[in-house]
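If you want the building blocks of each chain, they are given just below.
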Amino acid sequence: VQVIRTRTELDGLDALRADGALALVPTMGALHEGHLQLVRRARTFGPTVVSIFVNPTQFGPGEDYDAYPRDLDSDLALLEPLGVDAVFAPTPDEMYRGGGVRVAPGPRSKVLCGASRPGHFGGVLTVVAKLFNLLRPEIAVFGRKDAQQCLVIDEMVTTLDFAVRLIDHPTVREADGLAMSSRNRYLAADDRRRAGSLWRALTAARGLLEQGERDPARLRRAMARELAETDGVEYAEIRSVPELTSPARATGRLLLAIAAQVGPARLIDNLVLGVDADIVAETALFADGGTP
Ligand code: PAF
């Protein structure tokens, strides 16, 4: 895989653009099967670049920026067989030069993770805007596991007129339903067992929806019951898609979203559902790869 460390080397990407729509998979490294599926999806569109950058501006004080796993050689070994065209892996100094200008996120960033991680989405949007400007992809593929992140990025793309099509790829899960995440490696054996309760909570709420329950408070309580063995629930919510407001009734396009502490790890998970009169079906955030 061609590894690009500096912005001047990015000119080399122009040759790739002749081969089709350039697709970007932005990551912070510590790659797992979930990331590899994003890369395989991106490859269906055209030449593919993966960015690997642990972005300091999206971590708050006391969060795991220093401890976040970094192993470029292992990441490259995983990407090699997938036919990735280039990896962009800048240093923080290379990425952040100049002043302290930041993108101010919109209303979708104020709830859920945004409520407890002030500054997080501003940091995410700033680095994603920089990646879009530096790499000029036509397609960008993100994991649906970070559903709020997807919707906050979409809000920026629409508002600031970025010419990129967003794709949200389905969450990849372990056998017990635990969403794959680079932070799962922080879990000891007992934490790992208890971490399965996030998926059980989401499927419990989905089961009630399938039985016709439309009261968001009852759905929230069902999720909370399943989450009793975590070390603390930050939120277990039902929100409308794409606005992320609290619906009076659980119908239409819904995000069931959870953040909970399990041992040393803050875990998030979600389900995106379309709830019709009597049909409950998992759905993408971005209907045709554009605005939801
Ligand atoms: O989802 C992530 O890994 C990060 O938030 C992203 C989008 C790569 C920005 O740093």
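Since the model is a prediction, treat every value here as computed from it, not as a measurement.

A. View of the site of the ligand. Residues in contact with the ligand, as listed here, are Pro26, Thr27, Met28, Asn55, Gln58, Val127, Phe142, Asp146 and Gln149. For the ligand, whose accessible area on its own is 290 Å², the fraction buried by protein is 89%. For the shell around the ligand, a count of residues per class yields 4 nonpolar, 4 polar and 1 charged.

B. Region of interest: the side chain of Ser181. Tracing the backbone shows Ser181 in the loop between strand S6 (165–169) and helix H8 (189–195). In this structure Ser181 comes out as buried when scored by relative accessible area, which is 17%. A distance of 3.0 Å separates a polar side-chain atom of Ser181 from the backbone nitrogen of Arg183.

C. How the structure looks around unusual backbone geometry. Between Val241 and Pro242 the backbone carries a cis peptide bond, its omega angle lying at 10°. One non-glycine residue, Leu112, adopts positive backbone phi at about 50°. Tracing the backbone through its elements, the reader meets Leu112 in the loop between helix H4 (92–95) and helix H5 (113–116).

D. How the structure looks around the packing of helix H6 (residues 120–135) against helix H7 (residues 147–159). Where H6 contacts H7, the two axes come as close as 10 Å, and the packing angle between them is 55°. Taken together, H6 and H7 sit at an angle that is classed as oblique. Seen along the crossing, H6 lies across H7 with a hand that is right-handed. Where H6 abuts H7, its residues Phe121, Val124, Leu125, Val128, Ala129 and Phe132 lie against Gln148, Gln149, Val152, Ile153, Met156 and Val157. Across the contact of H6 with H7, the residue classes tally to 10 nonpolar, 2 polar and no charged.

E. Spotlight on the layout of surface pockets. Of the volumes computed, that of the second largest pocket is approximately 250 Å³. Along the walls of the second largest pocket sit 17 residues, with Ile52, Phe53, Val54, Arg70 and Pro90 positioned nearest its centre. Within the lining of the second largest pocket, the residues separate by chemical class into 11 nonpolar, 2 polar and 4 charged.

Conventions adopted
- Here the residue numbers are simple positions, counted from 1 along each chain's written sequence.
- Totals for whole chains, interfaces and linings use every residue, but because this is a predicted model, local features are given only for residues with pLDDT of at least 70 and side-chain atom pairs only at 80 or more, for both listing and counting.
- The side-chain figures draw on all heavy atoms in the structure; neither hydrogens nor water molecules are used.
- A cutoff of 4 Å decides nearness: a residue is near a molecule or strand if any of its heavy atoms lies inside that distance of it.
- The Shrake-Rupley method, run with a 1.4 Å probe sphere, supplies the accessible areas, and residue values consider only the shown protein chains as cover.
- Note on residue categories: nonpolar means Ala, Val, Leu, Ile, Met, Phe, Trp, Tyr, Cys or Pro, charged means Asp, Glu, Lys or Arg, and polar means any other residue, Gly included.
- Labels follow the DSSP assignment, with helices taken as runs of H or I lasting at least four residues and strands as runs of E lasting at least two, numbered in each case from the N terminus.
- The buried label goes to any residue with under 20% of its type's maximum accessible area, the exposed label to any with over 50%, and the partly exposed label to all in between, with areas taken from a 1.4 Å probe on protein chains only.
- Whenever two N or O atoms come within 3.5 Å, that pair is a polar contact, provided that in protein one can donate a hydrogen and the other can accept it, and provided that, for residues adjacent in sequence, both atoms are side-chain atoms.
- Simply put, an axis is a line fit to the C-alpha atoms, just over the touching stretch for a helix, and the angle between two N-to-C directions goes from 0 to 180 degrees.
- An angle below 35 degrees is read as roughly parallel, one above 145 as roughly antiparallel, one from 65 to 115 as roughly perpendicular, and any other as oblique.
- Crossing handedness is defined as follows: a turn of the near helix away from the far one that is anticlockwise and smaller than a right angle gives a left-handed crossing, while the clockwise case is right-handed.
- The criterion used for residue contact is that any of the two residues' heavy atoms lie within 4.5 Å.
- With a 1 Å grid spanning the protein atoms alone, the term cavity applies to any set of points in which a 1.4 Å probe fits but cannot get out, the term pocket to an open set with protein on both sides within 12 Å along at least five of seven lines, and the term lining residue to any residue with an atom within 4 Å of a point.
- Grid points are joined across faces, edges and corners, and a volume is the space filled by probe spheres set on the points.

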